[in-house]
Amino acid sequence: MAEQLALEAVDVSKRFGARWALARLSFTLPQGRSLLLTGHNGSGKTTLLRLIATASFPTAGTLKVLGHDARAGRDALRPHVALVSHASFHYEDLSAAQNLELSAKFLGLGSQQTLVAGLLERMGLAERAQSPVRQFSAGMRKRLAIARLLMKAPKLALLDEPFGELDPAGIRQMEGLIRELQGNGTSVVLATHLVEQGQSLTNERLHLEGGRKAVAA
């Protein structure tokens, strides 16, 4: 039986004007495995994560996510892929609880007040459940984004610098959450500058230089 793949990229390239952010990038990630994505700023990490999340599309090449073409299968993929990035995509004037309730409705889960309360408690946000997100610190916004990811229970989780803005306790909690996702069979792509930490949490590594696959020093 052929190995099922969470990701399959063949000569994936992405151009912004005259600049190629990614150039002829090819790799695979088996389902249930975790990939550490490394590279200096501007190497193409965030661009690649956005392509996988179907927030953008390749200029050339083919990208399959969970067996679907990233462009043609975008609607089928969206419920199963979650991206936690520098931009939190929260509704600023809504409370933390309202943000998660709205996410539940978008996911077709209906009202999930008990689940929302439990997630906010778990992420240390219970006391601020009714506070508008615009009052939150960067670390609190990150924790709310993780709560949203856990609600989604994705098959593929994309984490762009997930340890940023977190205090030591938050970093330990994030490590535990990543291991929990892996234990549930979720494929994980982790982009971080904390290479040793990332290697302890992943099975494979993809290092980018100038938008190309490279061997890490």
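Residues numbered from 1 in each chain as written. Predicted model: local features only at pLDDT ≥ 70, side-chain atom pairs only at ≥ 80, totals over all residues. Heavy atoms only, no water.

### Thoughts on the overall build of the protein chain
A count of helical and extended segments in the protein chain gives seven helices and 10 strands. The C-alpha radius of gyration of the protein chain comes to 17 Å, within 12% of the 17 Å expected for a compact globule of 217 residues. Its C-alpha atoms give the protein chain principal-axis dimensions of roughly 45 × 40 × 35 Å. Burial status across the protein chain gives 49% buried among its 217 residues. For the protein chain, long-range pairs separated by at least 24 residues make up 67% of all intrachain contacts whose partners lie at least 6 apart in sequence. (Helix = DSSP H or I, 4+ residues; strand = E, 2+ residues; numbered from the N terminus. Rg over C-alpha atoms; globule rule 2.2 N^0.38 Å. Buried < 20%, exposed > 50% of the residue type's maximum accessible area, 1.4 Å probe, protein only. Contact = heavy atoms within 4.5 Å.)

### Observations concerning the layout of surface pockets
Considering only enclosed or pocket space, the largest pocket measures out at about 670 Å³ in volume. Around the largest pocket, the lining comprises 20 residues; the ones closest to its centre are Val81, Leu83, Phe89, Arg148 and Lys152. Its residues placed into classes, the lining of the largest pocket shows 14 nonpolar, two polar and four charged. (1 Å grid on protein atoms, 1.4 Å probe; cavity = no way out; pocket = protein on both sides within 12 Å on 5 of 7 lines; lining within 4 Å. Points joined across faces, edges and corners; volume = space filled by probe spheres on them. Nonpolar A, V, L, I, M, F, W, Y, C, P; charged D, E, K, R; others polar.)

### Concerning the sheet that holds strand β8 (residues 187-191)
Taking strand neighbours across the sheet as the criterion, the six strands line up as β6-β7-β8-β3-β9-β10 in an open arrangement whose pairing is mixed. With partners counted over all chains shown, the strands left at the sheet margins are β6 (81-84) and β10 (212-214), one partner each. Looking at each pair of strands side by side, their axes are set apart by 25° on average, direction ignored. Across four bridges, the pairing between strand β3 (residues 34-38) and β8 is parallel. Looking at the pairing, Leu36 lines up with Leu190 of β8. Sitting on the sheet, helix α5 (residues 138-152) is in contact with β6 and β7 (156-160), with an inclination near 175° to β6. The sheet contacts of helix α6 (residues 168-183) involve β3, β7 and β8, and relative to β8 the element is tilted by about 150°. (Pairing = 2+ DSSP bridges. Axes fitted to C-alpha atoms, helices over the stretch in contact; angles between N-to-C directions.)

### Concerning the sheet that holds strand β5 (residues 68-69)
Taken in spatial order, the four strands line up as β2-β1-β4-β5 in an open sheet, and their pairing is antiparallel. Bordering the open sheet on either side are β2 (19-30) and β5, each of which pairs with just one other strand. Looking at chain direction, strand β4 (residues 60-65) and β5 are connected through two bridges and run antiparallel. When the bridges of β5 are listed, Val65 appears paired with His68.

### Notes on the nonpolar core
One broad trend across soluble globular proteins is that nonpolar side chains are buried collectively. The biggest cluster of nonpolar side chains holds 35 residues, and the ones touching the most others in it are Leu100, Leu120, Leu144, Leu149, Leu150 and Leu190. Those residues within four positions of Leu149 in sequence are excluded, and the remaining contacts are Ala82, Val84, Pro154, Ala157, Leu159 and Leu181. Leu22, Leu37, Leu63 and Ala191 belong to the second largest nonpolar core, which has 27 residues in total. (Core = buried A, V, L, I, M, F, W, Y, C linked by side-chain atoms within 4.5 Å.)

### Considerations on the environment of Leu25
Tracing the backbone through its elements, the reader meets Leu25 in strand β2. Residue classification places Leu25 among the buried positions, given a relative accessible area of 0%. Each C-alpha atom, one on Leu25 and one on Ala9, is 6.8 Å from the other, the two residues being 16 residues apart in sequence. Once residues within four sequence positions are removed from consideration, Leu25 is found in contact with Ala9, Val10, Asp11, Val12, Leu48, Leu206, Leu208, Arg212 and Lys213.

### Overview of the environment of Gly170
Assignment of secondary structure puts Gly170 in helix α6. Gly170 gets classed as buried once you look at its relative accessible area, which sits at 8%. Between the alpha carbons of Gly170 and Met123 there is a distance of 8.9 Å; along the sequence they are 47 residues apart.

### A look at helix α3 (residues 96-106)
For α3, the complete set of buried residues consists of Ala96, Ala97, Asn99, Leu100, Glu101, Ser103 and Ala104. Within two residues after α3, Gly108 carries a phi angle of roughly 75°, on the positive side.

### Some points on a nonpolar patch on the surface
A cluster of nonpolar side chains, contributed by Leu107, Leu109 and Leu115, occupies part of the molecular surface with about 200 Å² of accessible area. With respect to the helices and strands, Leu107 occurs in the loop between α3 and α4 (113-122). (Patch = residues over 30% accessible without salt bridge, like charges linked within 9 Å, V, L, I, M, F, W, Y side chains within 5 Å. Areas by Shrake-Rupley, 256 points an atom, 1.4 Å probe, with all protein chains shown as cover. Salt bridge = Lys/Arg side-chain N within 4 Å of Asp/Glu carboxyl O.)

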